[in-house]
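Report on the structure
Here's the letter readout for the chains.
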Amino acid sequence: GAGVSQSPRYKVAKRGQDVALRCDPISGHVSLFWYQQALGQGPEFLTYFQNEAQLDKSGLPSDRFFAERPEGSVSTLKIQRTQQEDSAVYLCASSLNRARYTGELFFGEGSRLTVL
Amino acid sequence: EDKVVQSPLSLVVHEGDTVTLNCSYEVTNFRSLLWYKQEKKAPTFLFMLTSSGIEKKSGRLSSILDKKELSSILNITATQTGDSAIYLCAVEAGAQKLVFGQGTRLTINP
């Protein structure tokens, strides 16, 4: 597709359930990022991939959060044993540029997770 | 801890007005500053600034970086209702990591 595609767009989970959020980046984009955006806040960095390598996962809030990008394209963010504080919009972004600057990030429309 | 602060948090103006949005930052390893516009969905890229004092312009929008003051402004002239959005400032602090501010919610009334 032309842009970054995320699914599902909306997910309601009961506390304690596991969820998986998918991101299809723009074809050929080397870099892929996951951000968490709580209501009324700016996005917060979770993790970053360059191709299939996860180069930075310092923003993952706990070991319940896990991300992978096994073939260097599609990525999945998994949250185990969801808690209410995990409720947020999860944004995926990709970038062509792996040079000195992050450059222009192309964001998906996000997956809105609500944990009851 | 790296920090980006935007002001004001919210701004309501009339169509045709000019607005200035502010972004200040404290980061240990500054590389670039970026502005995004977020309507109901995905943030969309506006500008990337790396050098102090050089204005970037796109139509009615312009932005400039002041590395001495650790800040940037985003100007929008002759505002239109379609400019209503949340404007996000982000700083690249270290390799490939963007630190975002909380955003400025701009509302343009007809």
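Residues numbered from 1 in each chain as written. Chains lettered and ligands numbered in written order. Predicted model: local features only at pLDDT ≥ 70, side-chain atom pairs only at ≥ 80, totals over all residues. Heavy atoms only, no water.

1. Here's the deal with the sheet that holds strand E7 (residues 65-68) of chain A
All names here are of chain A. A sheet is described by the order of its strands in space; here 4 strands give the open sequence E1-E3-E8-E7, paired in antiparallel fashion. One side of each edge strand has no neighbouring strand; the edge strands of this open sheet are strand E1 (5-7) and E7. Across the sheet, the mean angle from the axis of one strand to that of its neighbour is 15 degrees, orientation sign disregarded. (Pairing = 2+ DSSP bridges. Helix = DSSP H or I, 4+ residues; strand = E, 2+ residues; numbered from the N terminus. Axes fitted to C-alpha atoms, helices over the stretch in contact; angles between N-to-C directions.)

2. With respect to unusual backbone geometry
The omega torsion across A:Ser7 and A:Pro8 is -5 degrees, close enough to zero to call that bond cis. Within the element layout of this structure, A:Pro8 appears in the loop between E1 and strand E2 (10-13). Put simply, B:Ser7 and B:Pro8 share a cis peptide bond, and its omega is -10 degrees. Position of B:Pro8 among the secondary structure elements: in the loop between strand E1 (3-7) and strand E2 (10-14). Phi is positive for B:Leu70, close to 55 degrees, though the residue is something other than glycine.

3. Remarks on the pairing of E7(A)
All names here are of chain A. Every second residue of E7 is oriented toward a common face, the buried set being Phe-65 and Ala-67 and the non-buried set Phe-66 and Glu-68. Here E7 runs beside strand E8 (residues 75-79); their pairing, made up of 4 bridges, is antiparallel. Across the sheet, Phe-65 pairs through a bridge with Ile-79, a residue of E8. Between E7 and E8, which pair antiparallel in sequence order, lie 6 residues; one of them, Gly-72, sits at a positive phi of approximately 80 degrees. (Buried < 20%, exposed > 50% of the residue type's maximum accessible area, 1.4 Å probe, protein only.)

4. Some words on the pattern of salt bridges
All names here are of chain B. A full pass over the atoms with the stated rule returns 6 salt bridges over all chains. Among the ionic pairs, Asp-83 bridges to Arg-60, the shortest N-O distance being 2.8 Å. Placement of the pair is Asp-83 in the loop between strand E8 (71-76) and strand E9 (85-93) and Arg-60 in the loop between strand E6 (56-58) and strand E7 (61-66), with a sequence separation of 23 residues. Relative accessible area serves as the criterion here: at 24%, Arg-60 is assigned to the partly exposed category. (Salt bridge = Lys/Arg side-chain N within 4 Å of Asp/Glu carboxyl O.)

5. Considering the sheet that holds E8(B)
Backbone-to-backbone hydrogen bonds pair the strands of a sheet. The strands run either parallel or antiparallel. Residue and element names in this part refer to chain B. Read across the sheet, 5 strands follow the order E1-E3-E8-E7-E6 without closing on themselves; strand pairing throughout is antiparallel. A strand with exactly one partner marks an edge of an open sheet, and here the two such strands are E1 and E6. Taken over all neighbouring pairs, the strand axes of this sheet differ in orientation by 15 degrees on average, direction set aside. Pairing of E7 with E8 involves 6 bridges; the strand directions are antiparallel. By the bridge assignment, Ser-62 is partnered in E8 with Asn-75.

6. Re the interface of chain A and chain B
On the chain B side, the residues contacting the 25 residues of chain A number 19 residues. Approximately 1800 Å² of surface area, both sides summed, lies buried where chain A meets chain B, with 56% of it carried by carbon and sulfur atoms. Between the two partners, chain A and chain B, sit 3 residue pairs in polar contact (both at pLDDT 80 or more). For the side of chain A that touches chain B, the secondary-structure elements that each account for two or more residues are strand E4 (31-37) and strand E5 (44-50) of chain A. A breakdown of the residues in the side of chain A that touches chain B according to their chemical character gives 10 nonpolar, 10 polar and 5 charged. (Contact = heavy atoms within 4.5 Å. Buried area = accessible area lost by both parts, 1.4 Å probe. Polar contact = N/O pair within 3.5 Å; in protein donor to acceptor, adjacent residues only side chain to side chain. Nonpolar A, V, L, I, M, F, W, Y, C, P; charged D, E, K, R; others polar.)

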